[in-house]
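Overview (structure and organization)
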Amino acid sequence: TKDREPDAQITVFSNPRLLAPVRAFVASLAERTGFEELLCCQISLAVDEAVANIINHGYRRRHDGRIWIYAWVLEAAAPGLCIVLDDLGNQVDPQSIKGRDLDDIRPGGLGVHIIREIMDRCAYERRSPGGMRLTLVKYLPQHGGLSGGPAPSSGDQSKPVADPHARTQP
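If you're wondering where the values come from, they're calculated on a predicted model, not measured in any experiment.

**Quick look at the overall build of the chain**
The helix and strand tally for the chain stands at four helices and five strands. Listed N to C, the secondary structure of the chain is β-α-α-β-β-α-β-β-α in terms of helices and strands. Put simply, the chain shows about 9200 Å² of open surface, and 52% of that area lies on carbon and sulfur atoms.

Structure below.
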């Protein structure tokens, strides 16, 4: 799928006021991919947590950072949704990104845990020359199928483009 453009993409600034439109975009896309309502909400929550982390940690709450969100509808052998979030914020070692211990009861700090619990695949990586990339994948439940969803297309489309925003960012 390296030659396949994302099925949908949006770019937002690192402003918390834009979290609601991002959630709506992701939930709507998940619904059209064939996910049940609860999973649509969960997927949009995972992306919301990821974008909030980019705003708070990557851009240190600056409102002028850009966040690129790309989505691919996965079909073929493993239908579902792949969402890639790219930013130009501060880089961190992907191995250091860990959720807070659930026994540590206090507000905040559960975003990474929530993301990893909801999504089937979650991979953080440094981008070159700067910023981070988060790849999230959620597969349709085996019994759910694509009934009411988009028509299947040919080919294995289970991996995202290597660097999707290289083509879309000036």
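**Concerning the packing of helix α1 (residues 19-33) against helix α2 (residues 37-58)**
When two helices pack together, their arrangement is given by the angle between the helix axes and the distance between those axes. Interhelical geometry of α1 versus α2 gives an angle of 145° and a closest axis separation of 8 Å. When you trace α1 past α2, the crossing you get is right-handed. Of the residues in α2, those in contact with Leu19, Val22, Arg23, Val26, Ala27, Ala30 and Glu31 of α1 are Cys40, Ile43, Ser44, Val47, Asp48, Val51, Ala52 and Ile55. Broken down by class, the residue content of the contact of α1 with α2 amounts to eleven nonpolar, one polar and three charged.

**Structural notes on the nonpolar core**
Among the nonpolar cores identified, the biggest contains 35 residues, and Val51, Ile83 and Leu85 are the most heavily contacted of them. Listing elements by their share of this core, those giving two or more residues are β1 (8-13), α1, α2, β2 (66-74), β3 (80-87), α3 (111-118) and β5 (132-139). Every residue in contact with isoleucine 83, bar those within four places of it in the chain, is listed here: Val26, Ile43, Val47, Ile69, Tyr70, Ala71, Leu134, Thr135 and Leu136. Grouped together as the second largest cluster of nonpolar side chains are seven residues, Trp68, Tyr70, Trp72 and Val84 included.

About the criteria used
Residues numbered from 1 in each chain as written. Predicted model: local features only at pLDDT ≥ 70, side-chain atom pairs only at ≥ 80, totals over all residues. Heavy atoms only, no water. Helix = DSSP H or I, 4+ residues; strand = E, 2+ residues; numbered from the N terminus. Areas by Shrake-Rupley, 256 points an atom, 1.4 Å probe, with all protein chains shown as cover. Axes fitted to C-alpha atoms, helices over the stretch in contact; angles between N-to-C directions. Left-handed = near helix turned anticlockwise from the far one by under 90°. Contact = heavy atoms within 4.5 Å. Nonpolar A, V, L, I, M, F, W, Y, C, P; charged D, E, K, R; others polar. Core = buried A, V, L, I, M, F, W, Y, C linked by side-chain atoms within 4.5 Å. Buried < 20%, exposed > 50% of the residue type's maximum accessible area, 1.4 Å probe, protein only.

Keep in mind these numbers describe shape, not what the thing actually does.
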